[in-house]
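Letter by letter, the chains look like this.
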Amino acid sequence: MPPDERPPPAGFAPQPPQPVEHYENFPVASWLCPPRLRAPIAAIYHFARTADDLADEGDAPAAARLRDLARYRADLLAVAQGQPPSPRWPQVFVPLAAQMRAFGLPAQPLDDLLSAFVQDVTMTRDGAAYADMPALLNYCRRSANPVGRLLLHLYDVTQEQALRESDAICTALQLINFWQDLSVDIPRGRYYLPLAECVAHGIAITAPREQFAALRPDDERAARLLESLTRHARATMLQGEPLVHRVPGRAGWELRVVVQAALSVLAQTRALGPRALATRPVLRRRDAPRVLWRCLLM
């Protein structure tokens, strides 16, 4: 029996994919996506979105968030083994289980995502910062790269070079998001500026809560730090750029848009310099022609 025709395990009932309601850096079941892949992409998205909400939304204490994420992980492991999940998140795990069966989606990348969400909770709870760039990149490996690898799995793109390029794009997207969101994250107790990088540019951080909040938009040391970090993010994105020619059909064009839109945001962040500590750059309608033109040139 073909994979997408196997009956679901007891307790499962097929459900249509849920509508996508939140913006993400990743394309999610858009009109460029082949219709047959919209359901699995939506299932992956809603798994990640719900886990992110458990880690980040509302005013629950860290201990409650960690308990919920542990229960969420137990449901993931259950459906990965063909067992029914708990009744708490049927809108997530029923469609996810169906798509895991139909497309052979591996559970490990999804579990990696959950480990990153747990890390978000514990780092914020402790007011902790990342010690250095390798530590931050390890977080990106689990918070961003799994999504790209899952999408490549759906498109049957399996070459090692393509996987490395996907990792580079996803890591760059995560880094660009960090540097774009400094004005939002620091007040919320999220510190992604690596401490070793800060020291290298003359900013010694020993008390992250107080000292990151005290960074000024006219600080020349912060200007040098952000120039270095945004330059690194751009180089990382360019390492992955050849992937747009390996992903087939319309998805390759959508990936072009993702890459060029992210590079446009990064250019705005670089232009702001240390003012990015107080101002969040965003894409506007007037940026669309330039982004689309650069897509054509890729």
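Since this is a predicted model, take the numbers as computed values, not measurements.

Asks: Pulling in residues and values, what's your account of a nonpolar patch on the surface?
Replies: Taken together, the side chains of W253, W293, L296 and L297 present a nonpolar region at the surface, about 500 Å² in accessible area. Turning to its location among the elements, L297 is positioned in helix α13 (residues 288–297).

Asks: Which residues make up the packing of aromatic side chains, and what values do they have?
Replies: Evaluated as defined, the whole model comprises 12 aromatic pairs. Judged by centre distance (5.8 Å) and plane angle (55°), the rings of Y130 and Y139 are tilted. Accessibility expressed as a relative area gives 4% for Y130, which makes it buried. Classification of Y139 by relative accessible area gives buried; the value is 4%.

Asks: Describe the nonpolar core, listing the residues and the values that go with them.
Replies: By size, the foremost hydrophobic cluster in this structure holds 81 residues, and its most contacted members are F47, Y72, F93, W179, L193, F212 and M237. With sequence-adjacent residues up to four places away left out, L193 is seen in contact with Y130, W179, L182, C198, F212, L215, L225, L226 and L229.

Asks: Give me the packing of helix α1 (residues 35–56) against helix α3 (residues 90–103): which residues, what numbers.
Replies: One way to put it is that α1 packs onto α3 with a least axis distance of 9 Å and a crossing angle of 135°. The angle between the axes of α1 and α3 places the two elements in the oblique class. The handedness of the crossing between α1 and α3 comes out as left-handed. Between α1, through R36, L37, A39, P40, A43, H46, F47 and T50, and α3, the contact on the second element is made entirely by V92, F93, P95, L96, Q99 and F103.

Asks: Give a detailed account of the confidence of the model for the protein chain, specifying residues and quantitative values.
Replies: In regions of low pLDDT, the predicted coordinates are not meant to be interpreted in detail. Confidence in the prediction for the protein chain averages 89 pLDDT; 89% of positions are at 70 or higher. Taken together, the stretch residues 1–29 has pLDDT below 50 and engages in 52 contacts with residues farther than four places along the chain or on a different chain.

Asks: So what's going on with the environment of R224? Which residues, and what values?
Replies: Here R224 lies in helix α11 (residues 220–240). Residue R224 is classed as partly exposed on the basis of its relative accessible area, which comes to 45%.

Asks: Just give me the short version of helix α5 (residues 133–143), but keep the residues and values in it.
Replies: Among the residues making up α5, those that are buried are M133, L136, Y139, C140, R142 and S143. Contact partners of the buried residues in α5: α4 (108–126), α6 (145–154), α7 (160–180), α9 (195–200) and α11. Near the N-terminus of α5, the side chain that reaches the backbone nitrogen of A135, with its oxygen 3.0 Å away, is that of D132.

Asks: Which residues make up the pattern of salt bridges, and what are the values?
Replies: What the rule picks out here adds up to 16 salt bridges. Across the salt bridge formed by R221 and D219, the nearest N and O atoms sit 2.8 Å from each other. Looking at R221, the relative accessible area reads 33%, which means it is partly exposed. Given a relative accessible area of 13%, D219 falls into the buried group.

Asks: Hey, could you go over the packing of helix α12 (residues 249–272) against α13 for me, with residue numbers and the actual values?
Replies: α13 packs onto α12 with a crossing angle of 125° between their chain directions and a minimal axis gap of 9 Å. Taken together, the axis directions place α12 and α13 in an arrangement best described as oblique. Here the hand of the crossing between α12 and α13 comes out right-handed. Residue-level contacts link W253, R256, V257, Q260, A261 and S264 of α12 to R290, V291, L292, R294, C295 and L296 of α13. Partitioned by chemical class, the residues of the contact of α12 with α13 number seven nonpolar, two polar and three charged.

Conventions used here
- Along each chain, residue indices are assigned from 1 in the same order as the chain's sequence is written.
- The predicted origin of the model limits local features to residues at a pLDDT of at least 70 and limits the giving and counting of side-chain atom pairs to 80 or more, whereas totals for whole chains, interfaces and linings rest on all residues.
- Derived side-chain values reflect all non-hydrogen atoms in the structure, with water molecules and hydrogen atoms excluded from consideration.
- Each patch is built from residues lacking any salt bridge and having more than 30% relative accessible area; the joining distance is 9 Å for like charges and 5 Å for nonpolar side chains (Val, Leu, Ile, Met, Phe, Trp, Tyr).
- Accessible surface area values rest on a Shrake-Rupley calculation with a 1.4 Å probe, where residue burial reflects the displayed protein chains alone.
- For salt bridges, the criterion is a side-chain nitrogen of Lys or Arg within 4 Å of an Asp or Glu carboxyl oxygen.
- Helix and strand labels come from DSSP, where a helix needs a run of H or I of at least four residues and a strand needs a run of E of at least two; each type is numbered from the N terminus.
- Between 30 and 60 degrees the pair is tilted, below 30 it is stacked and above 60 it is edge-to-face, where a pair is any two Phe, Tyr or Trp rings, Trp via its six-membered ring, whose centres lie within 6.5 Å.
- Here's how the labels work: a residue is buried when its accessible area is under 20% of the maximum for its type, exposed when over 50%, partly exposed in between, all with a 1.4 Å probe on protein chains only.
- Here, the term nonpolar core denotes a set of buried Ala, Val, Leu, Ile, Met, Phe, Trp, Tyr and Cys residues that are joined through side-chain atoms within 4.5 Å.
- Residues count as neighbours in contact if any of their non-hydrogen atoms are within 4.5 Å of one another.
- Under this scheme, a helix contributes an axis fitted over its contacting stretch, all axes are lines through C-alpha atoms, and angles between N-to-C directions fall in the 0 to 180 degree range.
- By definition in this entry, angles of less than 35 degrees are roughly parallel, angles greater than 145 are roughly antiparallel, angles of 65 to 115 are roughly perpendicular, and the rest are oblique.
- Note on convention: near helix rotated counterclockwise from far helix by under a right angle means a left-handed crossing. Clockwise means right-handed.
- What pLDDT conveys is the predictor's confidence in a given residue, as a value from 0 to 100.
- In protein, a polar contact means a hydrogen-donor-capable atom and an acceptor-capable atom, both N or O and within 3.5 Å, with residues adjacent in sequence counting only if both atoms are side-chain atoms; elsewhere, any N or O pair within 3.5 Å suffices.
- Polarity classes work like this: nonpolar for Ala, Val, Leu, Ile, Met, Phe, Trp, Tyr, Cys and Pro, charged for Asp, Glu, Lys and Arg, and polar for all others, with Gly in that last group.

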